[in-house]
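Letter by letter, the chains look like this.
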Amino acid sequence: MKSEYRHLTLAVLSVILCLSNVSAEDLILVHEAWMLEAPTNARVIAGYMTIENKSSRSRRLIGVSGQDFERIEIHQTEMQGDIMRMVPMEELEIPAGSAVSLEPGSYHLMLISPRSVPKEGEAVNLELQFDSGYTMHIKLIVRAVHRGKTMKHFH
Ligand SMILES: [Cu+2]
């Protein structure tokens, strides 16, 4: 009888451990994922989204990939004097219980060498890799944005 209880306890424990692992991954949410509509000969396109970390641990976005692009980088836009520059980042930290926005003039994804440039309303698939080992599959919707200011790219 005693050893049956022990087995039961072990079984319950392992279920709890598995559940907490799964839910930790599910606690990353991506909202408002979109990319700019670009001319058909564009070499780089900017991608934006808000990444929310609802877990109690800090998470780092350590890589982004997508079959429609040769390479994807994480960039930060910085003012150096009166010149706007884009600085590649190794990773992007999403602190516990908060959200980081990738948006025009700030952090963004740099989608490099598209195999074909998607049109407004189309979607592209991307994979976000986090330091926890979690890979998240997301879609970026292509939007045409008409704003007064255009961003220049400095590489
Ligand atoms: Cu950039």
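See the structure printed just above.
Reference entry: report on the structure contained in this document. Quantities reported herein were computed from a predicted structural model and do not represent experimental measurements.

Each value, and the rule that gives it
Residues numbered from 1 in each chain as written. Predicted model: local features only at pLDDT ≥ 70, side-chain atom pairs only at ≥ 80, totals over all residues. Helix = DSSP H or I, 4+ residues; strand = E, 2+ residues; numbered from the N terminus. Contact = placed C-beta atoms within 7 Å. Pairing = 2+ DSSP bridges. Core = buried A, V, L, I, M, F, W, Y, C linked by C-beta atoms within 7 Å. Buried ≥ 20, exposed ≤ 12 C-beta atoms within 10 Å, placed from the backbone.

## Concerning the overall build of the chain
Looking only at helices and strands, one finds one helix and 10 strands in the chain. For the chain, the α and β elements follow one another from N to C terminus as α-β-β-β-β-β-β-β-β-β-β. Counting contacts in the chain only where the partners sit at least 6 residues apart, residues at least 24 apart contribute 67% of the total.

## With respect to the pairing of strand β3 (residues 59-65)
Within a regular strand, side chains alternate between the sheet's two faces. Across three bridges, the pairing between β3 and strand β6 (residues 92-94) is antiparallel. Of the residues in β6, the one forming a bridge with Leu 61 is Leu 92. Pairing analysis gives four bridges linking β3 to strand β9 (residues 123-130), with the strands arranged antiparallel. Following the sheet pairing, Val 64 is matched in β9 by Leu 128.

## Describing the nonpolar core
Ranked by internal contacts, the top residues of the largest apolar core, which has 21 residues, are Met 35, Leu 61 and Leu 109. When residues of this core are assigned to their parent elements, the largest contribution, five residues, is made by strand β2 (residues 44-53). If sequence neighbours within four positions are ignored, Met 35 has contacts with Ile 45, Ala 46, Gly 47, Tyr 48, Leu 111, Val 124, Leu 140 and Val 142.

Remember that the coordinates give geometry; whether it matters functionally is a separate question.
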